[in-house]
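Chain by chain, the residues:
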Amino acid sequence: MEVSEVPKWREWLIIGLIMLLLYGFILGVIWVEDPLIVLALLGLVIGGVVWWIRQYSDSYARLFALFQRHRRVALGILTVLLVAFPFLQRENPYWIQVAVMSGLFVIMALGLNVMVGNAGLVCLGYAAFYAIGAYTSGLLTLKHDVSFWLALPLAGLLAMAFGFLLGLPALRVRGHYLALVTIAFGLVVQQLLINLEGLTGGTNGVINIPSPQIGSFSLGRPLDLGFITLPFQANFYFLVLILAGLTLFMVYRVSPSLVGLSWNAIREDQLAAQCYGIDLTKNKLWAFAFGAFFGGIAGAVYANMVGFISPENFTYTHSILVLSMILLGGIDSIPGVILGAILLTVIPEKFRAFEDWRMMFYGFIIVLMLLFKPDGLLPARTRKYTSATPAGDGSAKVTSTGAGYLAGQLDN
């Protein structure tokens, strides 16, 4: 029986069961205390998924198509599961906080994926945009009494402006040289945060940053719903959930657009893209600026959530961490990027005893993925566009790849 012949309610049931299994696995990782058991479970699941994709690629494609056909149902189930998380963990605010950080890393990873995944522009200094957003929001709300809800977009826009500036050197260099430029940019921003003591507080950082408020209610207070009281971390959890959803919506809208296809063309072959008439200057600058915006948004939420920021919170390690998330999940794969961000936020929390080995762990992941699974756990799918063209019987169709579609759009 073809998948299309299966009743809709059965397809919905399959989607629900798959999502419940994944949700249960994440909760199981949280509840299991023994790090060796956690490591064994992760190795078993990741190895099983990779083997299944390689052996049954057709099944993977059908499953992907199933979720695509019923994405509204899948989105509804996912929303219910995500909203239920703080209620299930109300006695354990630590893991709600970890979930908040996971959401922030999802936002940053999606932003970095615009640069690295969509446009192929290597950026190893992404933590600088995170820092710019955090200090912008922190200083505006603390020293200038600006509302967080105004400081939030301003932080994103300022990070966007710095992303535009970083994109200027990208017009002349590429590859390893571009990576060095972005590393230097991250180090310069960190040194400025240390040395501009009158503005940033230097190594002492900025303290007593106020929590966001909605009317008279502060997000830094517990959330009393009448029938249940949730810890204050739940307030930021719901805030980050909304921001991550908006980020996902924006990225999904841009990725298949003409701008997204232009970025993909630049990633594959800049000379060929230029021959198609793509403006390399404009598209590269927009890729850096658009990706940097989300880093600034994440930084603003982080600053007003923890109430304290310092240059140590925005080091080169954070840039490598976000890049590792993209490589683990799959470059230019939005679901893969989200999966990578969640895994590399939750898993290290189970191995706090090995904190000193964290950088080696990230490097180990990057090397393994580049050697054995360079396309990531959830590889990006090649997009194809089908257009009907009149033939002798009026029924012929021509299928073109993204490059062909882009050429047609540019010719028009």
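Summary of the structure given here. (Residues numbered from 1 in each chain as written. Predicted model: local features only at pLDDT ≥ 70, side-chain atom pairs only at ≥ 80, totals over all residues. Heavy atoms only, no water.)

Within the largest apolar cluster, 102 residues are counted, with the highest numbers of intra-cluster contacts made by Leu 104, Leu 112, Met 115, Phe 129 and Ile 309. Take this core: its biggest share by element is 17 residues, from helix α5 (residues 93-118). Membership of the second largest hydrophobic core comes to five residues, among which are Ala 265, Ala 273, Ile 278 and Leu 280. (Core = buried A, V, L, I, M, F, W, Y, C linked by side-chain atoms within 4.5 Å. Buried < 20%, exposed > 50% of the residue type's maximum accessible area, 1.4 Å probe, protein only. Helix = DSSP H or I, 4+ residues; strand = E, 2+ residues; numbered from the N terminus.)

With that settled, the discussion passes to a nonpolar patch on the surface. A cluster of nonpolar residues, Trp 9, Trp 12, Leu 13, Leu 17 and Leu 20, forms a patch on the protein surface that exposes about 540 Å² of accessible area. Following the sequence through the fold, Trp 9 ends up in helix α1 (residues 8-31). Since its relative accessible area comes to 53%, Trp 9 is described here as exposed. (Patch = residues over 30% accessible without salt bridge, like charges linked within 9 Å, V, L, I, M, F, W, Y side chains within 5 Å. Areas by Shrake-Rupley, 256 points an atom, 1.4 Å probe, with all protein chains shown as cover. Salt bridge = Lys/Arg side-chain N within 4 Å of Asp/Glu carboxyl O.)

This next bit is on the side chain of Asn 304. In this structure, Asn 304 sits in helix α13 (residues 280-306). Classification of Asn 304 as buried rests on a relative accessible area of 0%. Leave out the neighbours within four places in its chain, and Asn 304 touches Ser 137, Gly 138, Thr 141, Phe 148, Ile 209, Pro 210, Ser 211, Pro 212 and Phe 236. (Contact = heavy atoms within 4.5 Å.)

Another point: the environment of Thr 203. Tracing the chain through its elements places Thr 203 in the loop between α9 (197-200) and β1 (213-214). Apart from residues no more than four positions distant in its own chain, Thr 203 is found in contact with Ile 194, Ser 310 and Pro 311.

The next subject is the packing of aromatic side chains. Taken as a whole and assessed by the stated rule, the structure comprises 14 aromatic pairs. Note on Tyr 94 and Trp 95: the rings are 5.4 Å apart at their centroids and 75° apart in plane angle, and the pair reads as edge-to-face. The partly exposed category is assigned to Tyr 94, whose relative accessible area is 39%. For Trp 95, a relative accessible area of 7% puts it in the buried group. In this structure an aromatic cluster arises from ring pairing among Tyr 130, Tyr 135, Tyr 302 and Phe 314. (Phe/Tyr/Trp six-rings, centres within 6.5 Å; stacked < 30°, edge-to-face > 60°.)

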